[in-house]
2 protein chains.
Amino acid sequence: MSTDTTRTAILRAAERLYAERGFGDVTLRDIVAAAEVNLAAVNYHFGSKDELITELFVTRSIATNRERLNELKAVEAAGGGRAPVDDVLRALVGPTMRGCLGPDSQRSDAARFMIRASIEAIPAIRKIKTREIDHLRKFAAALRRSLPGTADVEIYWGLHFALAMAHQTVRDSERLLRLSDGACDLNDVDGAIARVVNVAALALTAPKPSAAAKAPARRER
Amino acid sequence: MSTDTTRTAILRAAERLYAERGFGDVTLRDIVAAAEVNLAAVNYHFGSKDELITELFVTRSIATNRERLNELKAVEAAGGGRAPVDDVLRALVGPTMRGCLGPDSQRSDAARFMIRASIEAIPAIRKIKTREIDHLRKFAAALRRSLPGTADVEIYWGLHFALAMAHQTVRDSERLLRLSDGACDLNDVDGAIARVVNVAALALTAPKPSAAAKAPARRER
DNA sequence: GTCTATATTGCGATAGAC
DNA sequence: GTCTATCGCAATATAGAC
């Protein structure tokens, strides 16, 4: 365990730098400088830059998914196997949003790293994304229990929109902040989560407009 | 005009490749190979890789904003200066979504390029983003006319969520497609736009939960 | 396990002939 | 304007001493 200090220092430094600046802009030299270890140590411990990124991603992905499922399990147990829609959605978007917007810096690095990973297309990561689909199916199933009678398509769109709003909120909070001149308070993490959950729940429960209204005559340009 | 063929070929090839693979993974050598021009031509016509990207971004940014504003102007004129919320939102998200999901490949390259540009942090682009804020203020103003009495903060969050959903839908349509086993039809562009517009409109018009409901007691982990 | 030193590759950019 | 050839640099990765 004592010789893991170098390895751990590399992982922590890499996660922080990748979260801040993305994969393309961070070199192994940047990482070893931040971790105060030798350049060769990275290849010794991880084999290559891509394998380092993959290890980070897999570790964090498992942790995030577990956190989400724990919350889901808790709210479903509290409701006798059927949780309110809001609680299911909060279990989905809460961990990431609290991680990115909250004060804990190491959680923040981890969450922001995951956002980067979901955006920048590292080949190894694309493969792992299949697991994310399976993970989301568990939330689809929970929503089916919460909303019996709702079409599956609506549930998928609801999950999609919930993740879209959560993701964008943590990824580009600056635009919202500047647009609103600071009036939209992103330090209020629970408030932001509640907004995302509320809108996603509306998407899932509000009556749908008729099909005719979905494709209005397109205006000329 | 005839000597612009090289320049134009570079721009088109660069836009397509950047749209497909992102800025970091596409080299000037990739671009000149696709455009079937000489390597030195890029630096002759544009000065540097960053200036090439900037030129593409500025051009497309202006075009997208003009398209959005034209649609906004049309729907506001049709309503005597006050357009329905749905129409304002459709003017905002329609151009990008039609561009990315629609069949026209050149429009698709352009729209997907813009998505890339909004994600990957090229310094020159970050500067231009200030203009995007000003652009969004026009839509905030239109929504204020559509929804008198709605708090500004709600309008900003509504715009934020509308863009988030539109953006994610075109950026990661694959996840939704796989999650739904193809049941969520993204070839129905107008249907997808209607869904985004509908949910964003709900976010803007539905009554808000009380403040107490926004910060429920956090469950232990 | 950790270091120094280096091999190797590929990048953006440029000089200079045509 | 377009080409060939090449510079200078920074990247990942590795070999081999300790």
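Conventions we followed
- Residues numbered from 1 in each chain as written.
- Chains lettered and ligands numbered in written order.
- Predicted model: local features only at pLDDT ≥ 70, side-chain atom pairs only at ≥ 80, totals over all residues.
- Heavy atoms only, no water.
- Domains from an automatic or database assignment.
- Buried area = accessible area lost by both parts, 1.4 Å probe.
- Salt bridge = Lys/Arg side-chain N within 4 Å of Asp/Glu carboxyl O.
- Nonpolar A, V, L, I, M, F, W, Y, C, P; charged D, E, K, R; others polar.
- UniProt positions renumbered as here; feature names shortened; annotations may be inferred.
- Helix = DSSP H or I, 4+ residues; strand = E, 2+ residues; numbered from the N terminus.
- Least-squares fit on C-alpha atoms with pLDDT ≥ 70 in both.
- Contact = heavy atoms within 4.5 Å.
- Axes fitted to C-alpha atoms, helices over the stretch in contact; angles between N-to-C directions.
- Parallel < 35°, antiparallel > 145°, perpendicular 65-115°, else oblique.
- Left-handed = near helix turned anticlockwise from the far one by under 90°.
- Near = heavy atom within 4 Å.
- Polar contact = N/O pair within 3.5 Å; in protein donor to acceptor, adjacent residues only side chain to side chain.

- An unreviewed UniProt entry annotates chain A as Transcriptional regulator, TetR family originating from Rhodopseudomonas palustris.

Describing the domain arrangement of chain A
All names here are of chain A.
Phase 1 of the analysis: Under the domain assignment used here, chain A contains domain 1 (1-47) and domain 2 (53-206).
Phase 2 of the analysis: Computed from C-alpha coordinates alone, the two centres of domain 1 and domain 2 are separated by 28 Å.
Phase 3 of the analysis: At the boundary of domain 1 with domain 2, total buried surface from both sides reaches about 1200 Å², with 60% on carbon and sulfur atoms.
Phase 4 of the analysis: Its largest share of buried area at the contact with domain 2, domain 1 owes to Glu15, Ala19 and Phe23, together 54% of the area lost on that side.
Phase 5 of the analysis: Scanning the region where domain 1 abuts domain 2 turns up two salt bridges.
Phase 6 of the analysis: Counted by class, the side of domain 1 that touches domain 2 contains six nonpolar, two polar and six charged residues.

Describing the pattern of salt bridges
Phase 1 of the analysis: Overall, the coordinates contain 30 salt bridges over all chains when judged by the stated rule.
Phase 2 of the analysis: Linked by salt bridges that have partners in common, A:Glu154, A:Lys208 and B:Arg195 make up one network.

Thoughts on the UniProt feature "domain: HTH tetR-type" (unreviewed entry) in chain A
Phase 1 of the analysis: Residues annotated by UniProt as "domain: HTH tetR-type" (unreviewed entry) correspond here to residues 4-64 of chain A.
Phase 2 of the analysis: Secondary structure content for residues 4-64 of chain A is 82% helix and 0% strand, and the end C-alpha separation is 23 Å.

Remarks on the relation of the copies chain B and chain A
Phase 1 of the analysis: When chain B is brought onto chain A, the operation consists of a screw motion whose angular component is 180 degrees and whose axial shift is 0.0 Å, with 0.1 Å RMSD remaining. Considering both components of the superposition, the chain copies are consistent with a two-fold axis.
Phase 2 of the analysis: Interface overlap between copies is the fraction of interface residues in one copy that are interface residues in the other; for chain B against chain A it reaches 98%, indicating a shared surface.

Here's the deal with the packing of helix α7 (residues 123-146) of chain B against helix α8 (residues 152-171) of chain B
Residues and elements named next belong to chain B.
Phase 1 of the analysis: In the contact formed by α7 and α8, the axes pass within 10 Å of each other and the chain directions differ by 120 degrees. Between α7 and α8, the interaxial angle falls into the category oblique. In the packing of α7 onto α8, the handedness of the crossing is right-handed. Mapping the contact onto sequence places Leu136, Phe139, Ala140, Leu143 and Arg144 in α7 and Asp152, Ile155, Tyr156, Leu159 and Leu163 in α8.

Overview of the protein's contact with DNA strand C
Phase 1 of the analysis: The immediate surroundings of DNA strand C are formed by 14 residues, with A:Thr6, A:Asn38, A:His45, B:Arg29 and B:Lys49 found nearest.
Phase 2 of the analysis: Contacts to DNA strand C include B:Arg29, whose side-chain N or O atom sits 2.8 Å from a base nitrogen.
Phase 3 of the analysis: One nitrogen or oxygen atom from the side chain of B:Asn43 is found 3.4 Å from a phosphate oxygen belonging to DNA strand C.
Phase 4 of the analysis: Listed by contribution, the elements that provide at least two residues to the surface near DNA strand C are α3 (39-46) of chain A together with α2 (28-35) and α3 (39-46) of chain B.
Phase 5 of the analysis: Residue composition of the surface near DNA strand C, grouped by class: five nonpolar, seven polar and two charged.

Considerations on the interface of chain B and chain A
Phase 1 of the analysis: Contact with chain B, which involves 61 residues of that partner, is made by 60 residues of chain A.
Phase 2 of the analysis: Carbon and sulfur atoms make up 61% of the surface buried where chain B meets chain A, a total of about 5700 Å² over both sides.
Phase 3 of the analysis: When the area that chain B buries against chain A is broken down by residue, the three leading residues are B:Trp157, B:Leu179 and B:Arg195, summing to 14%.
Phase 4 of the analysis: One can count four salt bridges joining chain B with chain A.
Phase 5 of the analysis: B:Glu132 is paired through a salt bridge with A:Arg175; the nearest N and O atoms lie 3.0 Å apart.
Phase 6 of the analysis: Listed by contribution, the elements that provide at least two residues to the side of chain B that touches chain A are α4 (49-78), α5 (85-101), α6 (105-119), α7, α8, α9 (173-179) and α10 (189-205) of chain B.
Phase 7 of the analysis: The leading source of residues in the side of chain B that touches chain A is α8(B), at 14 residues.
Phase 8 of the analysis: Along the lines of polarity and charge, the residues of the side of chain B that touches chain A split into 29 nonpolar, nine polar and 23 charged.

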